[in-house]
Amino acid sequence: MSGHDSKYFSTTKKGEIPELKDELNSQYKDKKKDAVKKVIAAMTVGKDVSSLFTDVVNCMQTENLELKKLVYLYLINYAKSQPDLAILAVNTFVKDSQDPNPLIRALAVRTMGCIRVDKITEYLCDPLQRCLKDDDPYVRKTASICVAKLYDINAELVEDRGFLDTLKDLISDNNPMVVANAVAALAEIQENSSRPIFEITSHTLSKLLTALNECTEWGQVFILDALSKYKAADAREAENIVERVTPRLQHANCAVVLSAVKMILQQMELITSTDVVRNLCKKMAPPLVTLLSAEPEIQYVALRNINLIVQRRPTILAHEIKVFFCKYNDPIYVKMEKLEIMIKLASDRNIDQVLLEFKEYATEVDVDFVRKAVRAIGRCAIKLERAAERCISVLLELIKIKVNYVVQEAIIVIKDIFRRYPNTYESIIATLCESLDTLDEPEAKASMIWIIGEYAERIDNADELLESFLESFPEEPALVQLQLLTATVKLFLKKPTEGPQQMIQVVLNNATVETDNPDLRDRAYIYWRLLSTDPEAAKDVVLAEKPVISDDSNQLDSSLLDELLANIATLSSVYHKPPEAFVTRVKTAIQRPEDEEYPDVAETGYSESSAHAVDSNTSPSASSSNTPYAATRQAAPPPAPPAPVPDLLGDLIGLDNALVPADQPTTPTGPPLPVVLPASTGQGLQISAQLTRRDGQVFYSMLFENNSQVPLDGFMIQFNKNTLGLAAASPLQVVPQLQPGTSASVLLPMVLFQNISPGPPNSLLQVAVKNSQQPVWYFNDKISFIVLFSEDGRMERTTFLETWKSLPDSNEVTKELPGIVVNSVEATLDRLAASNMFFIAKRRHANQEVLYLSAKIPRGIPFLIELTAVIGIPGVKCAIKTPSPEMAPLFFEALEVLLKG
Amino acid sequence: MPVAASAIYFLNLRGDVLINRLYRDDVGGNMVDAFRTHIMQTKELGTCPVRQIGGCSFFYMRISNVYIVIVVSSNANVACAFKFVVEAVALFKSYFGGAFDEDAIRNNFVLIYELLDEIMDFGYPQNLSPEILKLYITQEGVRSPFSSKPTDKPVPNATLQVTGAVGWRREGLLYKKNEVFLDIVESVNLLMSSKGIVLRCDVTGKILMKCFLSGMPDLKLGLNDKIGLEKESQLKSRPTKSGKTIELDDVTFHQCVNLTRFNSEKTVSFVPPDGEFELMKYRITEGVNLPFRVLPTIKELGRTRMEVNVKVKSVFGAKMFALGVVIKIPVPKQTAKTSFQVTSGRAKYNASIDCLVWKIRKFPGQTEPTMSAEVELISTMAEKKSWTRPPIQMEFQVPMFTASGLRVRFLKVWEKSGYNTVEWVRYITKAGSYEIRC
């Protein structure tokens, strides 16, 4: 019983849009409905039907549920591009949210949450409030998720309207699906907030564990994932939790099983009884194995996770290695992962069977898989000492097949085996040498050359063999060249006869004069110097005993493994990377577009400029270039913003600024501002901005660049609540109209303590900028404390002492800044003074310099600072006393930037 | 975070979007372009089902001629996402009456949009049970098979059933004749070395159920598995009935089965969904009865000739028989000519899969037919690499046979109205991946 909707795709006549318009306004219901279907069909294939917005919205008020759903679908897609028209739909939404039919109530609130238009969001609150307390569980479960949607659009609104508390109440709802969705919503909100919102207590824990039995499979996943963050108080509690979660291992849904495994593994860390642990391992093995009979994609996810699990608990699947044997028809990605796990599970007991398998795989068709199989044999040899000999004999058998890539791969692993077991298996070198001329891959060549060099004394014709490679020296890749160089040196040291001596001259000549690869050249010169000054020393260096290598098949380090295990079933566990390595979204209250490049740029900017500064401080020869820089500072001490210089280039441009009169606050010169909104994100509008201090006032220095095709006007700016309550002191005034291809700078005066965000201080400054042509742009900036230090921060010595004494010790905060070097007290003090951090006194303690300074931030909050450092040695200890110790982290951040230069 | 998707796309093999739905704002609407250029149009396709491109991750599956692609930008639950796709496809199939392909999607796009809106909210999977959804999502042309007369109005308590504790069964069902059909379907997976040594062998079985029962029945299923029987004998302090017991390595159950009770009492008790569903899956590795032994001898006579002899032995009861037996014996690509002699069935050379295919429609127990073939090869001088022999593969179905030895001991149906039920049980064993290296 199939539908016939495909007919709606078939209208491709000219004048389609006007025709649809007519049909949409038809008085016949069926015609109307068909027209909406055609619109949706056009939308699906990517045609722009946004011009029909009003006409479609007019169809919204209908009794027909199917039609209503289609209109809603249209709204979700186009509301963003027509925000002003979207408001037309609000009335119907609000009306629908009070419909007697629960399906319509839920539909209305669900759809409203998907429309991310500010004006609509305002109207969402009341219906949402009602729906969260609706009599019908279907409406409540939909409303629960809607809270998470709203939080994503406007976190403030959610907190202000008390939705979080209502949501928390729903954890105790009598309907399991409502509970599950509320848990999912709360967990997501928590993840995006820096404040504690959803903390699982032992009370909620037991409530949720009970709900687990009754909710849908997906609900079980939500609950298990949320609970896996719970830290049990002791082993007994952990055992209790595990006991209630283990039945989930029998669920047919792989996501439920993996989430249960995650939770059990977390709790197992606390369980001390070895019996219990052993028993749990026994229980977890079969469900994990069963995952391997699911769809290949799910198998892949399971295998990536099993890889992690066996690293932590090798016993779990120790006896199950057979299930990881590859099937002929397994997709390649499944085979590769199985191979990896087989290596991990290989032991003295099963190695014979495993080797037979690997050998079988090494004759298959897929080249990558074959290579991996050959490599696997080598890794087993390195891992299992007692099996090494058997592994090698398998490798030799494979070499005899004379399949080129098999031979090359085998030589690469045999090199590692030689390193692992020196002086044990050299008898096979002769066999390896037979394949010498077939090698054409750099890694295999390099490995073979390494072997020849390393065992030159045992290979009669080592010089001939190496010589054959030397002919093509200039054409070889760097990897091979480096090996050739070293191997020739080894050969010469071992057999200092005429032949090798000639060879070494050829090689050194090639590697120093003929090459432009600095690594190769450096290495060659070192050898040359060694050989010409002290051949004995050269022997000691070049032929030194090498550290024994070990098996790398358990490669993840323990803390990373912990983190990945806490993320079982998620992307993190599949990539084997912590979430922050690939998720660009940062914890933030307001939604932010992709501005991921910016923090990185800023970071490197800091370090580069600091490297430059340190460099110029340490080397006296650089002082000439340093002088103008210092002059800049002296010429305009307070106005010059000592804010972090964005990059090295900026530093240089900064020098030129010495020529520009510094008292022109309307033309913000200075180093280029960091880009906060790249043009790629801002539809052509690029904004660069930074907080600066000029003439005792804080400004937000901004540069607008219009790379779009249209003139932009009507700019407005808004700052989100932040720690310091920074806000614009006057409206943003960009040139009346920003023409395409032009730019404009603005120096926006700022005020402090306008809209202070609660919670622990942080340096996040969230900014929203809009104009009349484009949607609202959001971006994040960093508040730098440096701009806050006021010019009147100087303190008398006596006042300093009194204030220090009067503040209780609890107001003292200390921090080590390990990476900072103080090379000269004077230079440091000058630098700090330029940023309104004033010197009070100095004393010497043993070889340490102790400096006392003072600074003041608005509202007259003083900071009393004690810096302890040894000149020229990295590491500065900083102690501060202040009436507002909670600001200490921000202060230290600023200080560190200043000290770095 | 258990979010499974920020967006879902259905693409045809050319990469055209058939239908898509954005659930969250964190991925751009044009993300599918990245998928097309970086995966579909490259060799990467099929090398890994989870890929990161730029700031987004893509999970994809191919089902018939459709790619289903999920896009996320957060640390999403991948297991959840793939399972969601699998279940969603099952749901669509149940709506379209079988096929899921490009045409079915085009023909039902309105319905799919409606379902996509219902089964996932903001990236969180919701109820995907076909039976419940069919209560209130119906389309012209697609009439719910469960409602006796089509009505436009949704069932009044549909919303309660979606969210209810028994979210998979609706109330008030009535059948004249109460019947239950149980199908025990086993797949035998075997990997045997050329020397006849079993390298890996296991049975994955599933119990499929078709219920036509009135009201809200409670069912209890008893199998001849070891743990269940021991538990039972302990409880009733009565010795177990004689007969073979088997050990299940692992079982997984449909969400209707009470897992806590299974864990404590080892009984499989449940309120079944109406109609057809998969009650449980199990796996067995010990004591598997292999229905067939395959004894191949392949001789390469020089460079241009091969001799293939295969004997297949059926080791199940003489009164039983297997159906649809197919044995595929790989031969080199350069096969030119083949000749066969078979004692049963038919054999021919299939060049498209490079195999000798031997088919036996009806294969009685305790027999051992043979096939011998001569293969002539085109001699190719360039082919230096020796032929890597892929394994022999076998397909079959053996009715009334379970490779595991599993038997249903009882199926109790209890409903408050106390009606009588008729129960039907069938067994069948199929070949899973039945491979013999040669």
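Computed from a predicted model, the values in this text were never measured in an experiment.

Caption draft 1: Expanded view of a positive patch on the surface. All names here are of chain B. Judged by side-chain charge, Arg 346, Lys 348, Lys 359 and Arg 361 come together as a positively charged surface patch. Mapped onto the positive patch, the elements with two or more residues apiece are strand E18 (346–350) and strand E19 (355–364). Inspection of the secondary structure assignment puts Arg 346 in strand E18.

Caption draft 2: Summary view of the pairing of strand E10 (residues 777–782) of chain A. Residue and element names in this part refer to chain A. A large share of E10 lies buried, amounting to 5 of its 6 residues. When strand E9 (residues 764–770) meets E10, the two strands line up antiparallel, connected through 6 bridges. Paired with Leu 764 across the two strands is Lys 782, which belongs to E10. What sits between E9 and E10 in their antiparallel hairpin is a turn of 6 residues.

Caption draft 3: View of unusual backbone geometry. Residues other than glycine seldom take positive phi values, yet Lys 402 of chain A does so here, at roughly 65°. Tracing the backbone through its elements, the reader meets Lys 402 of chain A in the loop between helix H22 (388–401) and helix H23 (404–420).

Caption draft 4: How the structure looks around the domain arrangement of chain A. Residue and element names in this part refer to chain A. As assigned here, chain A comprises domain 1 (5–248), domain 2 (441–542), domain 3 (675–783) and domain 4 (788–900). In this assembly, 11 residues from domain 3 lie in contact with 11 residues from domain 4. Buried area between domain 3 and domain 4, both sides added, is near 970 Å², and the carbon and sulfur share of it is 70%. Viewed at the interface, domain 4 and domain 3 are joined by 2 salt bridges. A salt bridge links Lys 782 to Glu 893; its shortest N-O distance comes to 3.6 Å. Connecting domain 3 to domain 4 are 2 residue pairs in polar contact (both at pLDDT 80 or more).

Caption draft 5: Quick peek at the packing of helix H4 (residues 65–78) of chain A against helix H4 (residues 109–119) of chain B. Following both chains from N to C, one finds H4 of chain A and H4 of chain B inclined at 75°, their axes separated by 10 Å at the closest point. Taken together, the axes of H4 of chain A and H4 of chain B lie roughly perpendicular to each other. Mapping the contact onto sequence places Glu 66, Lys 69, Leu 70 and Leu 73 of chain A in H4 of chain A and Val 110, Tyr 113 and Glu 114 of chain B in H4 of chain B. Of the residues contributing to the contact of H4 of chain A with H4 of chain B, the split by class is 4 nonpolar, no polar and 3 charged.

Caption draft 6: Spotlight on the confidence of the model for chain B. All names here are of chain B. Counting all residues, the mean pLDDT for chain B is 86, and 89% of those residues have values of 70 or more. Per-element confidence in chain B ranges from a low mean pLDDT of 63 for helix H7 (residues 226–236) to a high of 96 for strand E7 (residues 124–125). Every residue in residues 141–154 scores below 50 in pLDDT, and together they form 18 contacts with partners more than four places removed in sequence or on other chains. Note that pLDDT drops below 50 for residues 237–242; the model gives that stretch 3 contacts with residues more than four away or on any other chain. Of the two predicted TM-score estimates for the complex, the pTM is 0.72 and the ipTM is 0.84.

Caption draft 7: Layout of the pattern of salt bridges. Residue and element names in this part refer to chain A. According to the stated counting rule, one finds 62 salt bridges over all chains in the structure shown. The closest approach of N and O atoms between Asp 352 and Arg 390, which form a salt bridge, is 2.8 Å. Placement of the pair is Asp 352 in helix H20 (residues 351–361) and Arg 390 in helix H22, with a sequence separation of 38 residues. Exposure remark for Arg 390: the relative accessible area of 32% places this residue in the partly exposed category. Glu 791 is paired through a salt bridge with Arg 693; the nearest N and O atoms lie 3.1 Å apart. In this pair, Glu 791 sits in the loop between E10 and helix H36 (797–806) while Arg 693 sits in strand E2 (residues 685–694), placing the two residues 98 residues apart along the sequence. Residue classification places Glu 791 among the partly exposed residues on the basis of a relative accessible area of 30%. A residue is classified by how much of its surface remains accessible, and Arg 693, at 9% relative accessible area, is buried. Salt bridges linked by common partners bring Arg 371, Arg 375, Glu 409, Glu 441 and Glu 443 together as one network.

Caption draft 8: Main features of the interface of chain A and chain B. Counting residues at the interface gives 103 residues for chain A and 97 residues for chain B. A buried area of about 8600 Å², summed over both sides, lies between chain A and chain B, and 56% of it is on carbon and sulfur atoms. In this structure, the connection of chain A to chain B is made through 9 salt bridges. At the surface where chain A touches chain B, the tally comes to 35 residue pairs in polar contact (both at pLDDT 80 or more).

Caption draft 9: Geometry of the domain arrangement of chain B. Residue and element names in this part refer to chain B. With domains assigned, chain B is organised as domain 1 (7–134), domain 2 (179–287 + 407–436) and domain 3 (292–379 + 388–399). Here the C-alpha centroids of domain 2 and domain 3 sit 34 Å apart. Taken together, the contact between domain 2 and domain 3 spans 12 residues of the former and 13 residues of the latter. Both sides of the domain 2 and domain 3 interface together cover about 1100 Å² of buried area, and 57% of this is carbon and sulfur. Applying the counting criterion to the domain 2 and domain 3 interface returns 0 salt bridges. Sorting the residues of the side of domain 2 that touches domain 3 by element identifies strand E8 (179–192) and strand E23 (422–436) as the ones contributing at least two each. Examining the composition of the side of domain 2 that touches domain 3, we find that 8 residues originate from one element, E23, more than from any other.

Caption draft 10: Quick peek at H36 of chain A. Residues and elements named next belong to chain A. Within H36, burial applies to Phe 800, Thr 803 and Trp 804. The buried residues of H36 occupy an angular sector of 100° when projected down its axis, which confines them to one face. Away from its buried face by more than 90 degrees, H36 exposes Thr 798, Glu 802, Lys 805 and Ser 806. Lining the buried residues of H36 we find strand E11 (812–821), strand E12 (838–845), strand E13 (848–857), strand E14 (861–870) and strand E15 (874–881).

Caption draft 11: Just the environment of Ile 412 of chain A, in detail. Residue and element names in this part refer to chain A. Residue placement: Ile 412 occurs in helix H23. Along the backbone, Ile 412 and Ala 446 are 34 residues apart, and their C-alpha atoms lie at a distance of 8.4 Å. Once residues lying within four places of it in the same chain are set aside, the contact partners of Ile 412 are Arg 375, Glu 443, Ala 444 and Ser 447.

Caption draft 12: A look at the packing of aromatic side chains. With the rule as written, the count across this model stands at 41 aromatic pairs over all chains. Relative to Trp 424 of chain B, the ring of Phe 181 of chain B lies with its centre 6.2 Å away and its plane at 10°, an arrangement referred to as stacked. Placement of the pair is Phe 181 of chain B in strand E8 and Trp 424 of chain B in strand E23, with a sequence separation of 243 residues. In textbook terms, an aromatic cluster arises when at least three aromatic residues are bridged by ring pairs, as seen for Phe 292, Phe 316, Phe 363, Phe 396, Phe 401 and Tyr 434 of chain B. The lysine or arginine in question, Lys 335 of chain A, covers the ring of Phe 369 of chain A, its NZ or CZ lying 5.1 Å from the ring centre.

Caption draft 13: Representation of the sheet that holds strand E12 (residues 268–270) of chain B in the model. Residue and element names in this part refer to chain B. One open sheet accounts for 3 strands, arranged E12-E10-E22; its pairing is antiparallel. Since the sheet does not close on itself, it has two edges, and those belong to E12 and strand E22 (408–414), each with one partner. Pairs of neighbouring strands in the sheet enclose a mean axial angle of 15°, with direction left out of account. In the sheet, strand E10 (residues 218–223) pairs with E22 via 6 bridges, with the strands oriented antiparallel. Looking at E22, one finds that Gly 222 is bridged to Phe 410.

Rules used in this analysis
Residues numbered from 1 in each chain as written. Chains lettered and ligands numbered in written order. Predicted model: local features only at pLDDT ≥ 70, side-chain atom pairs only at ≥ 80, totals over all residues. Heavy atoms only, no water. Patch = residues over 30% accessible without salt bridge, like charges linked within 9 Å, V, L, I, M, F, W, Y side chains within 5 Å. Areas by Shrake-Rupley, 256 points an atom, 1.4 Å probe, with all protein chains shown as cover. Salt bridge = Lys/Arg side-chain N within 4 Å of Asp/Glu carboxyl O. Lys, Arg positive; Asp, Glu negative; His and termini not counted. Charge placed at Lys NZ, Arg CZ, Asp CG, Glu CD. Helix = DSSP H or I, 4+ residues; strand = E, 2+ residues; numbered from the N terminus. Buried < 20%, exposed > 50% of the residue type's maximum accessible area, 1.4 Å probe, protein only. Pairing = 2+ DSSP bridges. Domains from an automatic or database assignment. Contact = heavy atoms within 4.5 Å. Buried area = accessible area lost by both parts, 1.4 Å probe. Polar contact = N/O pair within 3.5 Å; in protein donor to acceptor, adjacent residues only side chain to side chain. Axes fitted to C-alpha atoms, helices over the stretch in contact; angles between N-to-C directions. Parallel < 35°, antiparallel > 145°, perpendicular 65-115°, else oblique. Nonpolar A, V, L, I, M, F, W, Y, C, P; charged D, E, K, R; others polar. pLDDT = per-residue confidence, 0-100. Arc of directions from axis to C-beta. Phe/Tyr/Trp six-rings, centres within 6.5 Å; stacked < 30°, edge-to-face > 60°. Lys NZ or Arg CZ within 6 Å of the ring centre and 35° of its normal.

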